[in-house]
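Reading the structure
Listed below, chain by chain, are the residues.
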Amino acid sequence: MKKLIQSLFLLLPLAAFAFNGSNEPEYGSIKGTIQTNEGRPAIAVTVVVKGAGKHAITSEDGKFYINRVPVGKYQLEVSLVGYETLRHDVTVEKGQTAAVSLQLQVSSTQLKEFTITGGVSNKFVTKESEQIARLPIKNLENPQVYHTVGQIVMKEQVVIERTDIYRNISGAVPNFSAGGSQGLSMRGFAGTIGMRNGMATSAIVPLNPVILERVEAIKGPSGTLFGSNRNTSFGGVFNYVTKKPYEDFGGEVTFTGGSFKFARITADINTPVNKEKTMLFRLNTAFQSEGSFQDQGYNKNYTIAPSFTYQINDRAKLSVEAELTRGNYTTTSIAFNAAALQNKMKSRNFRDLHLPYKQSLINNGVDVANGINNVQAQFQYKFSDKWRSETNYLYSEGFYKSLLWTTLTFMGEDSLVRGMRNQTPETFGNIQLQQNFIGDFKIGSFRNRVVIGLDYNYNYNELYRAIFNYDTVDLRKNIPDMSAQRIDDRSYAAGFRGTATKTHSYAAYISDVFNITPTLMAMLSLRAEHFTTDGTYALADGKYTGAYNQNALSPKLGLVYQVVKDKVSLFANYMNGYANFAPATQPDGSILELKPQYANQWEGGVKLDVFSNKLNATLNYYNIDVTNSIRNEVRADNKTYSVQDGTQLSRGFEAEVIANPVSGLNLVAGYAYNENTYKKASPAVQGKMLTASPNSVANLWASYFITRGKIKGVGVGIGGNYVSDSWFEAANLMVLPGYTLLNAALYYDQPKFRISLKGNNLLNEEYWNSTGTPQKTLNFLASVAVKF
């Protein structure tokens with residue numbers, strides 16, 4: 001089966017070439033600049049040549065380029081909400097580039113030669129993406145809720161790490177793993193891995209945001225298109241969309257410095273490789289180093305990420321990109337001994353703990369060295385105006401060269417154990433092959449937009465770790481220093497345990513957006529997946545344990561009714577996600593064969609895109625039931641057995657508003673309320689709420705950009721985040737306190753340079769992340785970028 005699917009993936013691109021034929025048409029091209037009626041660049045506007053199947057999206061300077069347009073005459077159309085629609089005939093000549101400069105006006109008399117759709121002044125709106133549904137459908141046609149954060153927001157906010165991006169997503173709370181991955185919690189469920197251009201990555205993702213074009217947070221259990229919850233959570237999936245090459249030479253070099261010895265230099269360089277501009281190359285690279293607000297601690301990393309595209313002909317396109325990231329940093333996490341927390345400790349809030357905020361309980365020698373290597377490729381082939389093919393491949397391998405992870409476990413008010421986990425070395429990898437056939441056709445008068453896909457995932461890890469308690473410390477006394485050499489000696493004395501695991505999954509899926517009427521659409525989707533593993537291989541005895549096979553079905557249904565076409569949509573959905581469970585060995589020696597765990601969501605809401613795109617909003621309510629969870633049950637023989645009838649419920653509502661109320665003023669705001677509770681579970685957590693799952697989360701960022709006069713290009717932004725209290729541990733005895741962050745930015749943006757100043761945590765709030773690690777106090781960043 002594995003060889004059959006792999007052969008199919010190899011043959012599909014070759015078969016696609018056969019459709020090309022030998023008589024290629026002759027081509028010309030079109031380039032230009034589009035401005036708003038205020039003289040500002042029209043950003044992220046789609047430019048389409050009708051009848052040629054060609055389009056482009058304007059860049060941040062309002063420019064676009066459409067290459068390899070077959071010579072001939074076309075009828076072109078200009079359509080923008082609030083403007084009169086125009087139709088215009090245009091002739092494309094062989095080897096010639098038509099250059100235009102257009103300015104959008106309330107009057108339609110100056111618009112010609114192009115179809116222009118979407119907003120131009122509401123610059124924080126970046127909703128359109130084929131990766132959300134693996135189909136080219138618009139936000140108002142999609143019954144699923146999603147949020148995106150693009151380059152404009154990242155630059156305004158001087159983003160230096162992924163957590164800065166996540167704070168712009170409605171209802172999202174950043175979370176962390178000691179292995180270097182930064183993730184987010186949505187709808188009460190945590191995830192730290194995510195996807196890379198819609199594909200599954202390694203479990204270790206020390207990703208630098210310099211490579212990102214945008215981040216997409218796709219809400220709700222998304223197993224139908226994205227697979228099991230290894231890379232997703234039942235609250236949703238977040239997708240990293242990387243920067244791609246474009247047609248002109250250009251780039252940007254940026255230096256950023258700031259508090260706690262922060263220094264960062266980045267370069268983004270793009271160039272055509274040949275004069276026909278069919279081969280394009282882009283390189284993104286960064287190096288950054290930072291100390292800590294504590295007495296010990298540091299974080300360093302560097303990234304090299306080249307990308308290349310080759311427009312083979314008007315039907316075929318090949319894209320290849322790579323990423324090499326290396327990091328070094330220190331990390332700790334907090335834990336509580338259950339008996340001590342219940343019987344010995346009076347503290348019930350992190351703010352009451354006798355834990356020094358600015359003192360690290362380790363030193364810089366107790367650190368981590370990790371990295372990731374990604375190679376991703378996509379081959380696109382257009383069979384006809386109705387059907388095209390996408391063949392995707394991703395090799396993603398993360399590793400620890402070394403990892404010294406210290407867990408500080410409270411044994412009383414002033415006593416804690418410094419537990420050590422030494423992982424030296426370890427490797428985590430994922431290889432994915434994916435084939436999509438995407439169609440847009442009619443059956444009678446009914447339009448269908450369909451994706452039919454095949455998915456193969458090979459996931460593996462090789463672990464080598466020693467776990468032991470380093471020492472016990474008294475917080476009322478001087479903290480003893482830690483020695484990396486002593487840690488190594490103790491690790492070998494405790495003994496390293498080596499294991500290896502390999503899993504394979506084979507899936508097929510289909511999704512159809514069916515237009516019942518022009519304003520009433522139904523989405524029908526289904527995934528079937530087969531998961532198999534030989535279990536865990538122990539290096540000590542050379543044996544496998546825990547082998548199993550499991551099948552899962554994941555349906556998805558949705559309805560969209562556009563009350564006002566292209567402006568107001570009512571939507572509802574049923575969505576499904578799943579997680580694979582290995583068999584459980586019971587105390588009596590029997591084996592409990594387990595089924596997949598499922599999450600089933602019902603959701604409804606409204607989406608708006610009104611006032612000529614000046615107001616984009618989503619309001620929704622959801623209910624997620626998790627079934628087939630594992631719980632513990634003590635039976636008559638006083639032994640604890642595993643039972644698969646546990647349930648969990650997450651429900652809440654969300655609101656997001658992205659607005660451009662007046663010229664130059666842009667804002668994005670969000671609020672979410674969530675309750676995520678174990679309904680039927682082990683006695684210790686029955687009726688409890690999930691850890692690090694706050695009820696209320698709010699975000700706001702507002703900026704004003706001066707568009708005229710002597711200080712044109714000056715901008716100011718202000719905003720922040722509110723996160724309510726949540727529980728730090730499963731018994732709901734220790735509160736992880738909420739927090740309010742206030743941030744502000746001042747920048748001067750010109751065609752050749754940009755100067756920025758950013759203040760973070762201006763209220764100097766003390767707060768902790770989901771692992772119990774203290775977060776940065778008041779800090780500042782200054783940035784200078786040179787554009788070319």
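As the structure is a computational prediction, the values presented were derived from the model and not from experiment. (Residues numbered from 1 in each chain as written. Predicted model: local features only at pLDDT ≥ 70, side-chain atom pairs only at ≥ 80, totals over all residues. Heavy atoms only, no water.)

Quick notes on the overall build of the chain
Keep this limit in mind: Numbering of helices and strands starts at the N terminus; helices are DSSP runs of H or I of at least 4 residues and strands are runs of E of at least 2. All radius of gyration figures rest on C-alpha atoms, and the globule criterion is 2.2 Å times the number of residues raised to 0.38. Think of it in three bands: with a 1.4 Å probe and only protein chains considered, a residue is buried below 20% of the maximum accessible area for its type, exposed above 50%, and partly exposed in between. Contact definition: two residues touch when any of their heavy atoms are within 4.5 Å. In these tables, accessible area is a Shrake-Rupley quantity obtained with a 1.4 Å probe, and a residue counts as shielded only by the protein chains included in the view. The charge count treats Lys and Arg as positive and Asp and Glu as negative. His and the chain ends do not count. In plain terms, the charge of a residue is placed at NZ if it is Lys, CZ if Arg, CG if Asp and CD if Glu.
Along its length, the chain carries 6 helices and 45 strands. In terms of C-alpha radius of gyration, the chain reaches 27 Å, essentially the compact-globule figure of 28 Å for 788 residues. Projected onto the principal axes, the alpha-carbon positions of the chain cover approximately 80 × 60 × 50 Å. By residue count, 56% of the 788 residues in the chain fall in the buried class. Considering only intrachain contacts with a sequence separation of at least 6, the fraction spanning at least 24 residues in the chain is 67%. Approximately 32,900 Å² of the chain is accessible, and the part contributed by carbon and sulfur atoms is 57%. Distance between charge centres in the chain, computed from 79 positive and 65 negative side chains, equals 2 Å.

Structural notes on the sheet that holds strand β11 (residues 182–186)
Condition: Strand pairing is assigned whenever DSSP identifies at least 2 bridges connecting the two strands. For helices, the fitted line uses only the C-alpha atoms of the stretch in contact; every axis is such a line through C-alpha atoms, and the angle between N-to-C directions lies from 0 to 180 degrees.
Spatially, the 3 strands line up as an open sheet ordered β10-β11-β12, and their pairing is antiparallel. The open sheet has two free edges, formed respectively by β10 (173–176) and β12 (189–191), since each of these has just one partner strand. Along the sheet, successive strands turn relative to each other by an average axial angle of 30°, direction set aside. Bridge count for β10 against β11 is 4 bridges, and the pairing is antiparallel. Of the residues in β11, the one forming a bridge with Pro174 is Leu184.

Structural notes on the nonpolar core
Worth spelling out the cut-off: The term nonpolar core refers to a set of buried residues drawn from Ala, Val, Leu, Ile, Met, Phe, Trp, Tyr and Cys, joined through side-chain atoms within 4.5 Å.
By size, the foremost hydrophobic cluster in this structure holds 29 residues, and its most contacted members are Phe124, Ile165, Tyr166, Ile169, Leu184, Leu212 and Tyr240. For this core, the secondary structure elements donating two or more residues are α2 (151–156), α3 (162–166), β11, β15 (212–219) and β16 (236–242). If near-sequence neighbours (up to four positions away) are discounted, Leu184 is found in contact with Tyr166, Ile169, Ala172, Val173, Pro174, Asn175, Phe189, Ala190, Gly191 and Phe238.

A word on the sheet that holds strand β13 (residues 195–196)
As summarised here, the arrangement of the 5 strands in space is β9-β15-β16-β13-β14, forming an open sheet in which the pairing is mixed. Edge positions in the open sheet fall to β9 (146–150) and β14 (199–200), since each of these has one partner strand only. Of the pairings in the sheet, the one linking β9 to β15 comprises 5 bridges and is antiparallel in character. Residue pairing across strands places Gly150 opposite Arg214, the latter belonging to β15.

Section: the pattern of salt bridges
For clarity, the cut-off: For salt bridges, the criterion is a side-chain nitrogen of Lys or Arg within 4 Å of an Asp or Glu carboxyl oxygen.
All chains considered together, the criterion is met by 32 salt bridges. One salt bridge in this structure joins Glu141 and Arg449, with 3.0 Å as the shortest N-O distance. One end of the pair, Glu141, is in the loop between β8 (115–117) and β9; the other, Arg449, is in strand β27 (residues 446–474), and 308 residues separate them in sequence. For the pair formed by Glu141 and Arg449, the shared burial category is buried. Where Arg635 meets Glu633, a salt bridge forms, and the shortest distance between an N and an O atom there is 3.2 Å. Classification of Arg635 by relative accessible area gives partly exposed; the value is 37%. A single network of salt bridges, built from pairs that share partners, joins Arg631, Glu633, Arg635, Asp645 and Lys680.

Re the packing of aromatic side chains
Rule in force here: Two aromatic rings, drawn from Phe, Tyr or Trp (for Trp, its six-membered ring), form a pair once their centres lie within 6.5 Å of each other, and the interplanar angle then sorts them: stacked below 30 degrees, edge-to-face above 60, tilted otherwise.
Following the criterion strictly, the structure yields 29 aromatic pairs and no others. On the basis of an interplanar angle of 35° and a centroid distance of 5.5 Å, the ring pair of Phe293 and Tyr357 is categorised as tilted. One end of the pair, Phe293, is in the loop between β19 (279–290) and β20 (299–311); the other, Tyr357, is in the loop between α5 (338–343) and β23 (367–382), and 64 residues separate them in sequence. Each of the two residues, Phe293 as well as Tyr357, counts as buried.

Comments concerning the environment of Ser259
Just so we agree on the cut-off: In protein, a polar contact requires one atom able to donate a hydrogen and another able to accept it; more generally it is a pair of N or O atoms within 3.5 Å, and residues adjacent in sequence count only if both atoms are side-chain atoms.
Within the fold, Ser259 resides in the loop between β17 (250–258) and β18 (262–272). Each residue touching Ser259, except ones within four places of it in the same chain, is listed here: Asn779 and Phe780. A polar contact is formed between the side chain of Ser259 and the backbone nitrogen of Phe780, at a distance of 2.9 Å.

Section: unusual backbone geometry
Note: most residues except glycine have negative phi, and most peptide bonds are trans. Of note, the bond from Thr424 into Pro425 is cis; its omega dihedral lies within 30 degrees of zero at -20°. Structurally, Pro425 is set in the loop between β25 (415–423) and β26 (426–443). Phi is positive for Ala692, which is not a glycine, with a value near 50°. By the secondary structure assignment, Ala692 is in the loop between β38 (665–680) and β39 (696–705).

Examining the side chain of Thr391
Relative to the assigned elements, Thr391 resides in strand β24 (residues 387–410). Within polar-contact distance, the side chain of Thr391 engages the side chain of Gln435 at 2.5 Å.

Section: the confidence of the model for the chain
Selection criterion: Confidence per residue, as judged by the predictor, is encoded in pLDDT with a range of 0 to 100.
Of the residues in the chain, 91% have a pLDDT of 70 or more, and the chain-wide mean is 89. This stretch, residues 106–120, has a pLDDT under 50; its non-local contacts, to residues over four places away or in other chains, come to 57 contacts.

Concerning the environment of Lys155
Residue placement: Lys155 occurs in helix α2. Note on Lys155: relative accessible area 24%, which makes it partly exposed.

Things to note about a nonpolar patch on the surface
Selection criterion: Surface patches are defined over residues having more than 30% relative accessible area and no salt bridge, joining like charges when they lie within 9 Å and nonpolar side chains (Val, Leu, Ile, Met, Phe, Trp, Tyr) when within 5 Å.
A surface patch of nonpolar side chains, amounting to about 880 Å² of accessible area, comprises Phe249, Val253, Phe255, Ile265, Ile269, Phe287, Tyr302, Ile304, Leu324 and Phe788. Only β17, β18 and β20 provide two or more residues apiece to the nonpolar patch. Turning to its location among the elements, Phe249 is positioned in the loop between β16 and β17. Relative accessible area serves as the criterion here: at 53%, Phe249 is assigned to the exposed category.

With respect to the environment of Ile591
With respect to the secondary-structure elements, Ile591 resides in strand β34 (residues 591–592). Sequence-distant contacts of Ile591, that is, excluding residues within four places in its chain, are made with Pro583, Ala584 and Thr585.

Focus on helix α6 (residues 484–494)
N-capping of α6 is provided by Ser483, with a side-chain oxygen placed 3.3 Å from the backbone N of Gln485. Gly495 sits one or two residues past α6 and shows a positive phi near 100°.

What to know about the side chain of Gln432
Locating Gln432 in the fold gives a position in strand β26. At a separation of 2.7 Å, a polar atom in the side chain of Gln432 contacts the main-chain amide nitrogen of Ala200. A polar side-chain atom of Gln432 sits 2.7 Å from a polar atom in the side chain of Asp455. Contact partners of Gln432, with chain neighbours within four places excluded, come to Met199, Ala200, Asn392, Tyr393, Leu394, Asp455, Tyr456 and Asn457.

Some words on the pairing of β9
Burial of β9 is extensive: 5 of the 5 residues sit out of reach of the surface. Side chains of β9 alternate between two faces, with Tyr146, Thr148 and Gly150 and His147 and Val149 buried alike.

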